[in-house]
Amino acid sequence: MDPQSVQNVAAIANVILALAALTGSVAVALFVHYAQARSEQLSFFHSLGSAWIDIDLAALSDDELLVIADNLMDPSNANDDIKSRKKRWFAYAVMNCQSALKPNHQSAH
């Protein structure tokens, strides 16, 4: 091979390597972007689930607050006794705790 041919092959190889490096850089940037967006989404749902658990526990800590929260969440429960309200809200708290353990959880409310 003459020196000009070697130079041409080296230039083509250099272009191919540069394109591969560019493709790899774009792929890594996209991967990081989507991973970060997914992490933010999971963090948001975790915070939302934690907030619902806090609401459940606050409602369960005071009978008057429980009645107010229960009537707000479902007005058709207005005539329920305090025992059935506590059972329902305890079930909400348990379901929210269980759903918080799942990656794509939604609150029980």
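Let me begin by describing the structure that accompanies this report. (Residues numbered from 1 in each chain as written. Predicted model: local features only at pLDDT ≥ 70, side-chain atom pairs only at ≥ 80, totals over all residues. Heavy atoms only, no water.)

### Looking at the overall build of the chain
When you go through the chain residue by residue, the secondary structure sums to three helices and zero strands. Taken over the C-alpha atoms alone, the chain extends approximately 95 × 20 × 20 Å along its principal axes. Counting only residues that meet the buried cut, the chain has 15% of its 109 residues in that class. Within the chain, contacts between residues separated by at least 24 positions form 39% of all contacts whose residues are at least 6 apart in sequence. In the form shown here, the chain has an accessible surface area of approximately 8,000 Å², with 66% of it arising from carbon and sulfur atoms. Side-chain charges of the chain comprise 7 positive and 11 negative groups, with the mean position of each set lying 10 Å from the other. (Helix = DSSP H or I, 4+ residues; strand = E, 2+ residues; numbered from the N terminus. Buried < 20%, exposed > 50% of the residue type's maximum accessible area, 1.4 Å probe, protein only. Contact = heavy atoms within 4.5 Å. Areas by Shrake-Rupley, 256 points an atom, 1.4 Å probe, with all protein chains shown as cover. Lys, Arg positive; Asp, Glu negative; His and termini not counted. Charge placed at Lys NZ, Arg CZ, Asp CG, Glu CD.)

### As for the packing of aromatic side chains
All told, the structure shown has two aromatic pairs when counted by the stated rule. Note on Trp89 and Tyr92: the rings are 5.4 Å apart at their centroids and 75 degrees apart in plane angle, and the pair reads as edge-to-face. Here the residue Trp89 and the residue Tyr92 both occupy positions in helix H3 (residues 82–100), the gap between them amounting to three residues, near one helical turn. The residues Trp89 and Tyr92 share a single accessibility class, namely buried. (Phe/Tyr/Trp six-rings, centres within 6.5 Å; stacked < 30°, edge-to-face > 60°.)

### Re the environment of Ala58
Mapped onto the elements of the fold, Ala58 is located in helix H1 (residues 3–61). With 31 residues separating them in the primary sequence, Ala58 and Trp89 have C-alpha atoms 10 Å apart.

### Some remarks on the nonpolar core
Formed by Ala59, Leu66, Ala69, Trp89 and Tyr92, the largest nonpolar core amounts to five residues. Those elements that provide at least two residues to this core are helix H2 (63–73) and H3. What Ala69 contacts, discounting residues up to four positions off in sequence, is Ala59 and Trp89. (Core = buried A, V, L, I, M, F, W, Y, C linked by side-chain atoms within 4.5 Å.)

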